[in-house]
Amino acid sequence: AHWLIHKDLFSGTGQVPAMAGVKTSLEDSPLVERQADYLGSALLLPCVQVKKAFYQCGTRDSRMLVENLAVIFDVSKKTMRIFLESHRMI
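On a predicted model such as this, the values are computed, not experimentally measured, just so you know. Residues take numbers from 1 onward in each chain, read along the sequence in its written order. Local features in this predicted model are restricted to residues of pLDDT 70 or higher, and side-chain atom pairs are both shown and tallied only at a pLDDT of 80 or more, whereas totals for entire chains, interfaces and linings draw on every residue. Only hydrogens and water are removed before side-chain values are computed, so all heavy atoms of the structure are retained for them.

**Student:** Can you help me understand the overall build of the protein chain in this one?
**Tutor:** The numbering of helices and of strands both runs from the N terminus, where a helix is a DSSP run of H or I of at least 4 residues and a strand a run of E of at least 2. When you go through the protein chain residue by residue, the secondary structure sums to five helices and zero strands. Scanning the protein chain from its N terminus toward the C terminus, one meets helices and strands in the order α-α-α-α-α. Burial here depends on accessible area, computed with a 1.4 Å probe over protein chains only, as a share of the maximum for the residue type. Under 20% is buried, over 50% is exposed, and the range in between is partly exposed. A burial count over the protein chain gives 26% of its 90 residues as buried. Taking all contacts inside the protein chain whose residues are at least 6 apart in sequence as the whole, residues at least 24 apart take part in 46%. On the protein chain, roughly 6,100 Å² of surface is accessible, and the fraction owed to carbon and sulfur atoms is 55%. We call two residues in contact when some of their heavy atoms are within 4.5 Å. Under the convention used here, a 1.4 Å probe and the Shrake-Rupley method define accessible areas, while residue burial counts only the protein chains that appear.

**Student:** Sorry, what's going on with the packing of helix H4 (residues 62–73) against helix H5 (residues 77–86) here?
**Tutor:** For any two helices packed against each other, one specifies the inter-axial angle together with the distance between the axes. Axis lines are fitted through C-alpha atoms, for helices just across the contact stretch, and the angle between N-to-C directions can take any value from 0 to 180 degrees. One way to put it is that H4 packs onto H5 with a least axis distance of 9 Å and a crossing angle of 115 degrees. The pairing of H4 with H5 is recorded here as roughly perpendicular in orientation. Where H4 crosses over H5, the handedness of that crossing is right-handed. Where H4 approaches H5, its residues Ser-62, Arg-63, Val-66, Glu-67, Leu-69, Ala-70 and Phe-73 are matched on the opposing element by Lys-77, Met-80, Arg-81 and Leu-84. For classification purposes, an angle smaller than 35 degrees is called roughly parallel, one larger than 145 roughly antiparallel, one from 65 to 115 roughly perpendicular, and anything else oblique. By convention the crossing between two helices is left-handed if the near helix lies anticlockwise of the far one by an angle smaller than a right angle, and right-handed if it lies clockwise.

**Student:** What's the story with unusual backbone geometry in this structure? I'm lost.
**Tutor:** Across residues other than glycine, the phi torsion is negative in most instances, and most of the peptide bonds are trans. Even without being a glycine, Asp-74 presents a positive backbone phi close to 55 degrees. Inspection of the secondary structure assignment puts Asp-74 in the loop between H4 and H5. The backbone phi angle of Arg-88 is positive, close to 55 degrees, even though this residue is not glycine.

**Student:** What should I look at first to understand the nonpolar core in this one?
**Tutor:** For soluble globular proteins, the rule of thumb is that nonpolar side chains tend to be buried together. Residues belong to a common nonpolar core when they are buried Ala, Val, Leu, Ile, Met, Phe, Trp, Tyr or Cys residues joined through side-chain atoms within 4.5 Å. Among the nonpolar cores identified, the biggest contains 14 residues, and Leu-45, Val-50, Leu-69, Phe-73, Met-80 and Leu-84 are the most heavily contacted of them. Those elements that place two or more of their residues in this core are helix H3 (47–56), H4 and H5. Top contributing element to this core by residue count: H4, with five residues. For Leu-69, the contacting residues outside a window of four places in its chain are Ala-53, Phe-54, Cys-57, Met-80 and Leu-84.

**Student:** Help me out: how do you make sense of helix H2 (residues 30–44) in this one?
**Tutor:** An α-helical segment advances 3.6 residues per turn. Residues three or four places apart therefore align on the same side. Compared with the 21 Å implied by 1.5 Å per residue over 15 residues, the 21 Å span of H2 between its first and last C-alpha is a close match. Val-32, Ala-36 and Ser-41 are the residues of H2 that are buried. Projected down its long axis, H2 shows its buried positions confined to an angular sector of 155 degrees, all on one face. The outward face of H2, more than 90 degrees from its buried face, is lined by the exposed residues Pro-30 and Arg-34. A helix is expected to reach a length of 1.5 Å times the quantity of its residues less one. The directions considered for the arc run from the helix axis to the C-beta atoms.

**Student:** Hey, could you run me through the confidence of the model for the protein chain in this one?
**Tutor:** A low pLDDT means the predicted coordinates there should not be read in detail. How sure the predictor is of each residue is captured by pLDDT, a score from 0 to 100. Mean pLDDT for the protein chain: 81, with 79% of residues reaching 70 or above. No element of the protein chain has a lower mean pLDDT than helix H1 (residues 2–10), which averages 73, and none a higher one than H4, which averages 96.

Laid out in structure tokens, this is it:
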């Protein structure tokens, strides 16, 4: 996500936005991180399918929803929580 939407921010800095496991100084910006997190979750989690699975889970416990849906969509709990919170589902 950083590479797709923030590569211009990294241009000329010597930092690489797509380097896994290495946090850069530009990623310390809450806005930059929030944008990348949102895009990442949008790419991995089609909204219609997540909502369908959400309603089929049969629980309103937010912790269980996050865990169950993260398993179903093979994403981290953090990614699923970001998605659900950004779509006001939990």
